[in-house]
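# Coordinates in review
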Amino acid sequence: MNNQHEKWMREALKEAKRALQEEEVPVGAVVVFENRVIGRGHNQVELLQDPTAHAEMIALTAATNALGKKWLNEATMYVTIEPCAMCAGAMILARLKKLVYGAPEMKTGAHSSIFNLLDDPRNNHRIEVVPGILDSECRHYMSLFFEEMRKRN
């Protein structure tokens, strides 16, 4: 199963690279349903001047549009960095089946780093979570981005 997870995480990494090229925080996401990508996204917060334009939110919207329904209960999202509370909440609302992510996010992570939103038994929907897939590759783009930011400042 890890080979399959790595395959789709590499697709999310392509999105993270696009974000990096656009001088956005390099987070990428894809939603997979029936062994095909139905939603893609990368951070576009700066481009759109929208604090909600996270990779996960864009990928969720694309996926629900592709399926023509609001529930993603048979879909898996692959995202390079542990989701924040906003994105984790949106995943719960979309009834996502599974989340696979790369690196933890020690400042805003809502799976286990800061919050444990995805595993909270009070939620009306539970998402299976697989952390740590291609962790070092996912961290790589984040490191490049923040190194460049430090150089500029």
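Before any of the text, the structure's been laid out above.
The notes below deal with the structure included here. (Residues numbered from 1 in each chain as written. Predicted model: local features only at pLDDT ≥ 70, side-chain atom pairs only at ≥ 80, totals over all residues. Heavy atoms only, no water.)

### Points about the pattern of salt bridges
- Tallying each qualifying case throughout the model produces eight salt bridges.
- Close ionic contact of glutamate 11 with arginine 40 constitutes a salt bridge, the shortest N to O distance being 2.5 Å. Residue glutamate 11 is found in helix 1 (residues 2-21), and its partner arginine 40 is found in strand 2 (residues 36-42); the two are separated by 29 residues along the sequence.
- Its relative accessible area of 34% is what places arginine 40 among the partly exposed residues.
- A salt bridge links arginine 122 to aspartate 120; the nearest nitrogen and oxygen atoms lie 2.5 Å apart.
- For aspartate 120, a relative accessible area of 17% corresponds to the buried category.
- Within the structure, one salt-bridge network assembled from shared partners comprises Glu11, Lys14, Glu15, Arg18 and Arg40. (Salt bridge = Lys/Arg side-chain N within 4 Å of Asp/Glu carboxyl O. Helix = DSSP H or I, 4+ residues; strand = E, 2+ residues; numbered from the N terminus. Buried < 20%, exposed > 50% of the residue type's maximum accessible area, 1.4 Å probe, protein only.)

### Re helix 1
- Between its terminal C-alpha atoms helix 1 stretches 28 Å, which fits the 28 Å expected from 20 residues at 1.5 Å a residue.
- For helix 1, the secondary structure elements touched by its buried residues are strand 1 (28-33), strand 2, strand 3 (76-81), strand 4 (98-103), strand 5 (128-130) and helix 5 (135-152).
- Positive phi appears at glutamate 23, one or two residues downstream of helix 1, with a value of about 60°. (Expected span 1.5 Å × (residues − 1). Contact = heavy atoms within 4.5 Å.)

### Notes on the packing of helix 1 against helix 5
- Between helix 1 and helix 5, the least distance of the axes is 10 Å, while the angle of their chain directions is 5°. As summarised for this structure, helix 1 and helix 5 are arranged roughly parallel, according to the angle between their axes. Together, Met9, Arg10, Leu13, Ala16, Lys17 and Leu20 of helix 1 and Glu137, Cys138, Tyr141, Leu144 and Phe145 of helix 5 make up the contact between the two elements.
- Within the contact of helix 1 with helix 5, the residues separate by chemical class into eight nonpolar, no polar and three charged. (Axes fitted to C-alpha atoms, helices over the stretch in contact; angles between N-to-C directions. Parallel < 35°, antiparallel > 145°, perpendicular 65-115°, else oblique. Nonpolar A, V, L, I, M, F, W, Y, C, P; charged D, E, K, R; others polar.)

### Side note on the nonpolar core
- Counting residues in each nonpolar core, the largest one holds 44 residues, and the members touching the most others are Met9, Leu72, Met77, Tyr78, Met91, Leu99 and Ile127.
- Looking at this core, the elements that each hand over two or more residues are helix 1, strand 1, helix 3 (55-67), strand 3, helix 4 (85-93), strand 4, strand 5 and helix 5.
- When sequence neighbours within four positions are dropped, the list of residues in contact with leucine 99 reads Met77, Val79, Pro83, Met91, Leu118, Ile127, Glu128, Val129 and Val130. (Core = buried A, V, L, I, M, F, W, Y, C linked by side-chain atoms within 4.5 Å.)

### A word on the pairing of strand 3
- When you tally the buried positions in strand 3, you get six out of six residues, the bulk of the element.
- In this structure, strand 3 lies alongside strand 4, joined through five bridges in parallel fashion. Pairing of methionine 77 across the sheet is with leucine 99, part of strand 4.
- After leaving strand 3, the chain enters helix 4 and then returns to the sheet as strand 4, a path that is right-handed. (Pairing = 2+ DSSP bridges. Right-handed = clockwise from strand over helix to strand, strands pointing away.)

### Some remarks on unusual backbone geometry
- Not every positive phi belongs to a glycine, and glutamate 34 is a case in point at roughly 50°.
- For glutamate 34, the position within the fold is in the loop between strand 1 and strand 2.
- Judged by its relative accessible area of 63%, glutamate 34 falls in the exposed class.
- One non-glycine residue, asparagine 35, adopts positive backbone phi at about 65°.
- In this fold, asparagine 35 is placed in the loop between strand 1 and strand 2.

### So, the state of the cysteines
- Summed over all chains, the structure comprises zero disulfides.
- Here cysteine 84 is not cross-linked by a disulfide; its sulfur's nearest cysteine counterpart is in cysteine 87, at 3.7 Å.
- Judged by its relative accessible area of 0%, cysteine 87 falls in the buried class. (Disulfide = S-S within 2.5 Å.)

Any functional reading would require information beyond the geometric quantities listed.
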